[in-house]
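Residue-level structure breakdown
Each chain is listed here by its residues.
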There are 4 protein chains.
Amino acid sequence: MIIVLKPEATEAQIKHIVTKVKSIGLKPMISRGIERTIIGVIGEEDLLRVQPLEIFPGVEKVMPILAPYKLVSREFKPSDTVVQVDGLRVGGKRLVVMAGPCAVENFELLLSVAKQVKRAGASVLRGGAFKPRTSPYSFQGLGEEGLKFLAEAKKRTGLPVITELMDLRDLELVERHADIIQIGARNMQNFDLLKEVGRSKKPVLLKRGMAATVKDLLLSAEYILQNGNFNVILCERGIRTFETETRFTLDMNAIPVIKNLSHLPILVDPSHGTGRWGLVPPLAKAAVAAGADGLIIEVHPKPEEALSDGPQSMLPEKFSKLMVELKRVARAVGREL
Amino acid sequence: MIIVLKPEATEAQIKHIVTKVKSIGLKPMISRGIERTIIGVIGEEDLLRVQPLEIFPGVEKVMPILAPYKLVSREFKPSDTVVQVDGLRVGGKRLVVMAGPCAVENFELLLSVAKQVKRAGASVLRGGAFKPRTSPYSFQGLGEEGLKFLAEAKKRTGLPVITELMDLRDLELVERHADIIQIGARNMQNFDLLKEVGRSKKPVLLKRGMAATVKDLLLSAEYILQNGNFNVILCERGIRTFETETRFTLDMNAIPVIKNLSHLPILVDPSHGTGRWGLVPPLAKAAVAAGADGLIIEVHPKPEEALSDGPQSMLPEKFSKLMVELKRVARAVGREL
Amino acid sequence: MIIVLKPEATEAQIKHIVTKVKSIGLKPMISRGIERTIIGVIGEEDLLRVQPLEIFPGVEKVMPILAPYKLVSREFKPSDTVVQVDGLRVGGKRLVVMAGPCAVENFELLLSVAKQVKRAGASVLRGGAFKPRTSPYSFQGLGEEGLKFLAEAKKRTGLPVITELMDLRDLELVERHADIIQIGARNMQNFDLLKEVGRSKKPVLLKRGMAATVKDLLLSAEYILQNGNFNVILCERGIRTFETETRFTLDMNAIPVIKNLSHLPILVDPSHGTGRWGLVPPLAKAAVAAGADGLIIEVHPKPEEALSDGPQSMLPEKFSKLMVELKRVARAVGREL
Amino acid sequence: MIIVLKPEATEAQIKHIVTKVKSIGLKPMISRGIERTIIGVIGEEDLLRVQPLEIFPGVEKVMPILAPYKLVSREFKPSDTVVQVDGLRVGGKRLVVMAGPCAVENFELLLSVAKQVKRAGASVLRGGAFKPRTSPYSFQGLGEEGLKFLAEAKKRTGLPVITELMDLRDLELVERHADIIQIGARNMQNFDLLKEVGRSKKPVLLKRGMAATVKDLLLSAEYILQNGNFNVILCERGIRTFETETRFTLDMNAIPVIKNLSHLPILVDPSHGTGRWGLVPPLAKAAVAAGADGLIIEVHPKPEEALSDGPQSMLPEKFSKLMVELKRVARAVGREL
């Protein structure tokens, strides 16, 4: 931690800060420059991070040296984490594609999509039973019935399933029926929910919030790991910017940035990240080229009748075609699909 | 709803759309322009809003005519809503200032702050018992004990109390001890939580999410009203932008914008909206001048020792001075304090 | 300057950095912590700032201690700068309101507005002769004829005039006819233009770019001061965010932030900062309450016929009413108007 | 154009709007819905776009049907534009990579980089003679001497050269020495500069401004085409967002979005779009996978000594390696390099 003092800081103020630092058991080192005096603090930065040093008299600014997260960092664990899902490996050389309808609407449709995406090469079935909708007037999901449909679709196709958990009272239910618990963008900083899934044994896919920095995302993941669950898959799904041509702006830079900072696998959701099915193929290919460990894509046989996110859902045949192209891009960057 | 067709849209495609619109019970009106054909739809727009018309073949774009929210809109209720809190009126001519420490840390400190802010003219005591913290290593609040301290502080000072609800399992507890339930920025789209407080009888203060548009905020409020609770107070607390000098960018434009669109009262939180106590006074005065119905401000007698948000907490004496200045600004714009 | 090394940095790498720092004439101080070694550099930080130290082997990050600007900083000049415009003082206790049509359209209209805003208490007449328009199909301004109209309006009313300079080939022309040269938001980083007005003797009003941080704005102002012109007035006019209810988001936080960092006066443009005339009054009052030194407001007698920015132009009678209210707010915060 | 009226709009107000529309020679069609009356206007929307209809009494909002640009639109010209540069084709099946140092520093270095990037497969040499720098204390470029170095490097290597034009007084000079004129992000809305290069015969590479929407970018390109120069290459180089891990956020969504809206070729600049050389390879590959027509990349043999943008410059050997990988990705998506 570096504490930069104001030019006019007095000796009494410096002493006050030094006393505080020492009282926590850390060692301050004063360095008097021409324009500023700075105090470097040696020792466990975490002890100091929670202190509001910015407001100590005479302090101009405080600059942390270390990242605020630990367990998720590559410094803590240099090798890539591979999350095991029912025999499937997420984060290895082979890419993982999760596909399916935005919301579970009925069993026939779900099963039909499941079969089609499996044939095309997807290895996880996605589908929402509980839907976070901006408007209270939109379809809110089938709830428990949707979970049961997912479990049945798994039984019939062998595809593990991922579904979103919104309400921590539903945790047990979701754990029972799903293989991966999804935490949606709007709940990325629902800390009680993070703690609960941290106590679960199931793998968790954590989506980046639309206003979350990469650091915020990693701190939210830290909540899960710190509570004991190391099976976390991160997911970039677009951030909010001033651009209005697309619903969100997929932050492709975040892929290699996260790979540098963390050992956790990272997926990309080009369906939510663009909001338009026609943009999914180029962005899906870009994500693979940028180093993502996989994709999560919305597929619906009749987008015109989809109860949720129709505009960003691909037709199964278009998805199959995309998978063929993705295989080529994966090979071009040394991955498999 | 206006459906704009692509220049190359065929008659079959137009017929397909027209059939869909009629099947929902609405009346399409086709207008053939030189460069585009458009279909105007007359009738309840909500019925069409949930249809993914954007992806119907031949459609270029779909433009809604009406706002997606109803109960919160000024069109639904032209007169200002005044929320009653324990005899206090939020949204009337007299401004309401809620003040207190970010987190409840211990009873003595809470009581002392409560007395001081009351003396200065605050009419509600704020304090967090459950704290949403970006990092799992930060102080997470006292929980139920903190709620009891708040209730006791109310008993001794007469100030109604506001506190944040994060976990819907705590709703009953919070309802028992607090007069206003706060939904924080990070939970603005925690829809299950919104539904639950919608079923409560207690007034709710709903903070704008850091990536939420005004429309998103109003839709979240709609969840609460739609579930039966009309006692909602909105709160602008800063949005996320590229500027790094302040933690967030207070969106002052939002005050009159919301006043135009909605009948609900709106408060401003200059403490979170700036992240620096030195910026609270000018922004608090600006908020009052812009037409806010009140303020929520963090006050702490020893910010250096605050367990949460020290840098943005004002000293009680600085808060008292600010209240004097606020009174002048309030009078200058025809309000009282 | 603080140079933070990677955990795995070698002695050879440290030596390489130390040699570089010494070669520039600065003094490196190595501090070996438990988790990181850091190198503090004492001496003129500017010498090091232009070196790409981030990419030296073994470097994790580089953290500057000082602000990158000098002449505009309050550290360089602690007292407020008051810019003299034709006898008028911008930046003193008395607020300055600049008002007039967005574009100069014809002389009669300009003169009529000039008289009306003067009567209402404005002290500078604004009007664009050269108009920066997003679309090439929009009205581009009257050019030199517009400048002459402004000069003539000044002659008749006594109001000094401000107008935008877009093309540096027009500098002499603008200098001849105007009292304040405006640099628009889109040209805030047109560095050649900044250098040219830096060599001018005329006061310059520099508008913040829509994606410019406060630091960027101050660095652009630094270009002007560094070239010899210290008569710079800053202007906050809204930044680009994800919110779409208003054209831009007025960053009210920036007012006190800039007051802390710089000695230059700062004005607010609520017309461009909102894009809607109905929002101008509350935001103008907020700006004054937040500590702005004045306002620049668009006024047009027939907004329906305005060739530019009609939606954000106030009627003269509405402007007169606003001025009365602004006087009250100004007094409430210890200023005059 | 669709004009939506307020619920309380009177017949007199409707008549007033209708009269206005007719006076411009357009045909209004009134449609009275249950909740709103709307007026559709048939005919050339451009005539109405410049009218401030939003502020006509009784108007709630105005919604344009057509895009505000013409010549750059795919509707105007359905087939891809291929810009010819000295025999080279930009926008065809074969990707174009422009590479070289950020700034021209001296001839030897420039020539050496030119030879290396040519050998690696680059087909255009980039290098700045005039540098737009945020700080006045940064290196501002060699000016005319730098242009001569570029021309000489072209003579020796055969590589056409691209360089930035900042000051329109330098247009003739730049035209004489360079093959492509670059308009930088900070000048994307320097409309006088756009008009001037619109009158030039040289191809223009137009970079997206950091706060510019795709629509703004296309409108700026429209300025160039409208003045007679159809040889425009667009360039995505990152937009400003709240994320601080990278200097900018590359908007990869914009590639297919622009391909849909416009016939102009689009390049990506991963050097500026990330600000860190280590992120250039994954983002360059992503850009190609997303459908970009080429790349512009900063290469410097001694980034530690670069006078500008060292942190984002690649070493020549790293660039060569990247080119090999890019070839594979290009082939995977049906392109060549």
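Residues numbered from 1 in each chain as written. Chains lettered and ligands numbered in written order. Predicted model: local features only at pLDDT ≥ 70, side-chain atom pairs only at ≥ 80, totals over all residues.

Structural notes on the overall build of chain A
Put simply, the test is: Only DSSP runs of H or I covering at least 4 residues are called helices, and only runs of E covering at least 2 are called strands; the numbering of each starts at the N terminus. We call two residues in contact whenever the C-beta atoms placed from their backbones are within 7 Å.
Within chain A, the secondary structure is distributed over 11 helices and 14 strands. Overall, the C-alpha framework of chain A stretches about 75 × 45 × 40 Å when taken along its three principal axes. Considering only contacts in chain A between residues 6 or more positions apart, those separated by 24 or more positions represent 65%.

Things to note about the domain arrangement of chain A
Filter applied, for reference: Segmentation into domains, and thus their bounds, comes from an automatic or database assignment.
Partitioning chain A into structural domains gives domain 1 (2-63) and domain 2 (83-332). Placing the centre of domain 1 of chain A and that of domain 2 of chain A at their C-alpha centroids yields a distance of 44 Å.

A look at the relation of the copies chain A and chain D
What counts is decided by this rule: Residues below a pLDDT of 70 in either copy are left out; the C-alpha atoms of the rest, at least 70 in both, set the least-squares superposition of the copies.
Aligned on chain D, chain A shows an RMSD of 0.0 Å; the corresponding rotation is 180 degrees and the shift along the axis is 0.0 Å. On this basis, the relationship between the two copies can be described by a two-fold rotation axis. Judged by C-alpha distance, A286 of chain A is the residue of chain A that lies nearest the rotation axis, at 2.0 Å. When you check the interface residues of chain A against chain D, 100% turn up at the interface there too, and the contact is symmetric in its surfaces.

Comments concerning the pairing of strand β3 (residues 37-42) of chain D
All names here are of chain D. Here is the rule we go by: A strand pair is defined by DSSP finding two or more bridges across the two strands.
As defined by bridge partners, strand β1 (residues 2-5) adjoins β3 across 3 bridges and the pair is classed as antiparallel. Paired with I3 across the two strands is I39, which belongs to β3. With 6 bridges connecting them, strand β2 (residues 27-32) and β3 associate as antiparallel partners. In the strand pairing of β3, K27 is matched with I42.

Overview of the interface of chain C and chain B
The condition is simple: In this classification, the charged set is Asp, Glu, Lys and Arg, the nonpolar set is Ala, Val, Leu, Ile, Met, Phe, Trp, Tyr, Cys and Pro, and all remaining amino acids, among them Gly, are polar.
Counting from both sides, the interface comprises 32 residues of chain C and, opposite them, 32 residues of chain B. When residues of the side of chain C that touches chain B are traced back to their parent elements, those giving at least two are α8 (254-261), α10 (280-290) and α11 (316-332) of chain C. Considering only residue class, the side of chain C that touches chain B consists of 19 nonpolar, 8 polar and 5 charged.

Side note on the relation of the copies chain C and chain B
For the pair chain C and chain B, the relating rotation is 180 degrees, the translation along its axis is 0.0 Å, and the fit reaches an RMSD of 0.0 Å. Counting the interface residues of chain C, we find that 100% of their copies in chain B are interface residues as well, pointing to one common contact surface.

Overview of the sheet that holds strand β1 (residues 2-5) of chain A
All names here are of chain A. Applied cut-off: As a rule, the C-alpha atoms of each element are fitted with a line to give its axis, helices using only the stretch in contact, and angles between N-to-C directions run from 0 to 180 degrees.
Across the sheet, which stays open at both edges, the 4 strands sit in the order β2-β3-β1-β4 with antiparallel pairing between neighbours. One side of each edge strand has no neighbouring strand; the edge strands of this open sheet are β2 (27-32) and β4 (59-63). Neighbour to neighbour, the strand axes of the sheet diverge by 20 degrees on average, direction disregarded. Its contacts with the sheet place helix α1 (residues 11-23) against β1, β2, β3 (37-42) and β4, and it is angled at close to 155 degrees to β2.

Comments concerning unusual backbone geometry
Residue D86 of chain A is not a glycine yet carries a positive backbone phi of 55 degrees. By the element assignment, D86 of chain A lies in the loop between β5 (83-85) and β6 (88-90).

Let's talk about the packing of helix α6 (residues 191-198) of chain C against helix α7 (residues 214-226) of chain C
All names here are of chain C. Put simply, the test is: An angle below 35 degrees is treated as roughly parallel, one above 145 as roughly antiparallel, one from 65 to 115 as roughly perpendicular, and anything else as oblique. Here is the rule for handedness: rotate from the far helix to the near one, and if that takes an anticlockwise turn smaller than a right angle the crossing is left-handed, while a clockwise turn gives right-handed.
Where α6 contacts α7, the two axes come as close as 7 Å, and the packing angle between them is 40 degrees. Between α6 and α7, the crossing angle belongs to the class labelled oblique. By crossing handedness, the relation of α6 to α7 is classed as right-handed. The segment α6 lies against α7, with F191, L194, K195, V197 and G198 engaging S220, Y223, I224 and Q226. The class makeup of the residues in the contact of α6 with α7 is 5 nonpolar, 3 polar and 1 charged.

As for the packing of helix α11 (residues 316-332) of chain B against α11 of chain C
Where α11 of chain B contacts α11 of chain C, the axes come no closer than 8 Å and their chain directions differ by 170 degrees. With respect to α11 of chain C, the element α11 of chain B is oriented roughly antiparallel. On α11 of chain C, the residues that touch R328, V329 and A332 of chain B of α11 of chain B are R328, V329 and A332 of chain C. A breakdown of the residues in the contact of α11 of chain B with α11 of chain C according to their chemical character gives 4 nonpolar, no polar and 2 charged.

Some points on the interface of chain A and chain D
On the side of chain D, 32 residues touch chain A, which itself brings 32 residues to the contact. Among the secondary structure elements, those contributing two or more residues to the side of chain A that touches chain D are α8 (254-261), α10 (280-290) and α11 (316-332) of chain A.

Some thoughts on the nonpolar core
Nonpolar side chains in soluble globular proteins tend to end up buried together. So the rule is basically this: Linking buried Ala, Val, Leu, Ile, Met, Phe, Trp, Tyr and Cys residues through C-beta atoms within 7 Å yields a set, and such a set is a nonpolar core. Exposed residues have 12 or fewer other C-beta atoms within 10 Å of their own C-beta, buried residues have 20 or more, and partly exposed residues fall in between, where C-beta atoms are placed from the backbone.
Of all hydrophobic cores here, the largest spans 486 residues; its most connected members are I3 of chain A, I3 of chain B, I3 of chain C together with I3 of chain D. Sequence-distant contacts of I3 of chain A, defined by excluding residues within four places in its chain, comprise I17, I38, I39, V41, L53, V59 and V62 of chain A.

Points about the pairing of strand β12 (residues 232-236) of chain B
All names here are of chain B. As a reminder of what qualifies: Clockwise travel from the first strand over the helix to the second, with the strands pointing away from the viewer, marks a crossover as right-handed.
Summarising burial for β12: 5 of the 5 residues are buried, a large majority. What you see with β12 is no split at all: V232, L234 and E236 on one side and I233 and C235 on the other are buried throughout. Judged from the 4 bridges that link them, strand β11 (residues 204-207) and β12 form a sheet pairing that is parallel. Note that in β12 the partner of L205 across the bridge is I233. Between β11 and its parallel partner β12, the chain crosses via helix α7 (residues 214-226), and the hand of that crossover is right-handed. Where the polypeptide runs from β12 across helix α8 (residues 254-261) and back to strand β13 (residues 266-268), its parallel neighbour, the crossover connection is right-handed.

Side note on the environment of M63 of chain D
Examined against the element boundaries, M63 of chain D turns out to sit in strand β4 (residues 59-63). With residues near it in sequence (within four places) discarded, M63 of chain D still touches I2 and M63 of chain B together with I2 and V4 of chain D.

Details of α10 of chain A
Residue and element names in this part refer to chain A. Most of α10 sits out of view: 11 of its 11 residues are buried. The set of residues buried in α10 consists of V280, P281, P282, L283, A284, K285, A286, A287, V288, A289 and A290. Within two residues after α10, G291 carries a phi angle of roughly 110 degrees, on the positive side.

Re α7 of chain B
All names here are of chain B. What counts, and what does not: Given a helix with a known number of residues, its expected span is that number minus one, times 1.5 Å.
Across its 13 residues, α7 extends 18 Å between first and last C-alpha, which sits within 8% of the 18 Å expected from 1.5 Å per residue. With respect to burial, α7 is a largely interior element, 11 of its 13 residues being buried. For α7, the full list of buried residues reads V214, D216, L217, L218, L219, S220, A221, E222, Y223, I224 and L225. Considering only its buried residues, α7 is in contact with α6 (191-198), β11, β12 and α8.

A closer look at the environment of P265 of chain B
Residues and elements named next belong to chain B. Relative to the helices and strands, P265 resides in the loop between α8 and β13. Placed 28 residues apart in sequence, P265 and D293 show a C-alpha to C-alpha distance of 6.1 Å. Beyond its immediate stretch of four places on either side in the chain, P265 contacts T81, V83, V90, G91, I233, L234 and D293.

Quick notes on the sheet that holds strand β1 (residues 2-5) of chain C
Residues and elements named next belong to chain C. Strand order in the open sheet formed by 4 strands is β2-β3-β1-β4, with antiparallel pairing between adjacent strands. Pairing within the sheet leaves two strands with one partner each, and these edge strands are β2 (27-32) and β4 (59-63). Sheet twist, expressed as the average angle between the axes of neighbouring strands with direction ignored, equals 20 degrees. Two elements, β1 and β4, share 4 bridges in a ladder whose sense is antiparallel. Following the sheet pairing, I2 is matched in β4 by M63. Lying on the sheet, helix α1 (residues 11-23) is in contact with β1, β2, β3 (37-42) and β4; it crosses β2 at an angle near 155 degrees.

Some details on the environment of L206 of chain A
Mapped onto the fold, L206 of chain A is located in strand β11 (residues 204-207). Those residues within four positions of L206 of chain A in sequence are excluded, and the remaining contacts are I183, M188, S220, A221, I224, V232, L234 and C235 of chain A.

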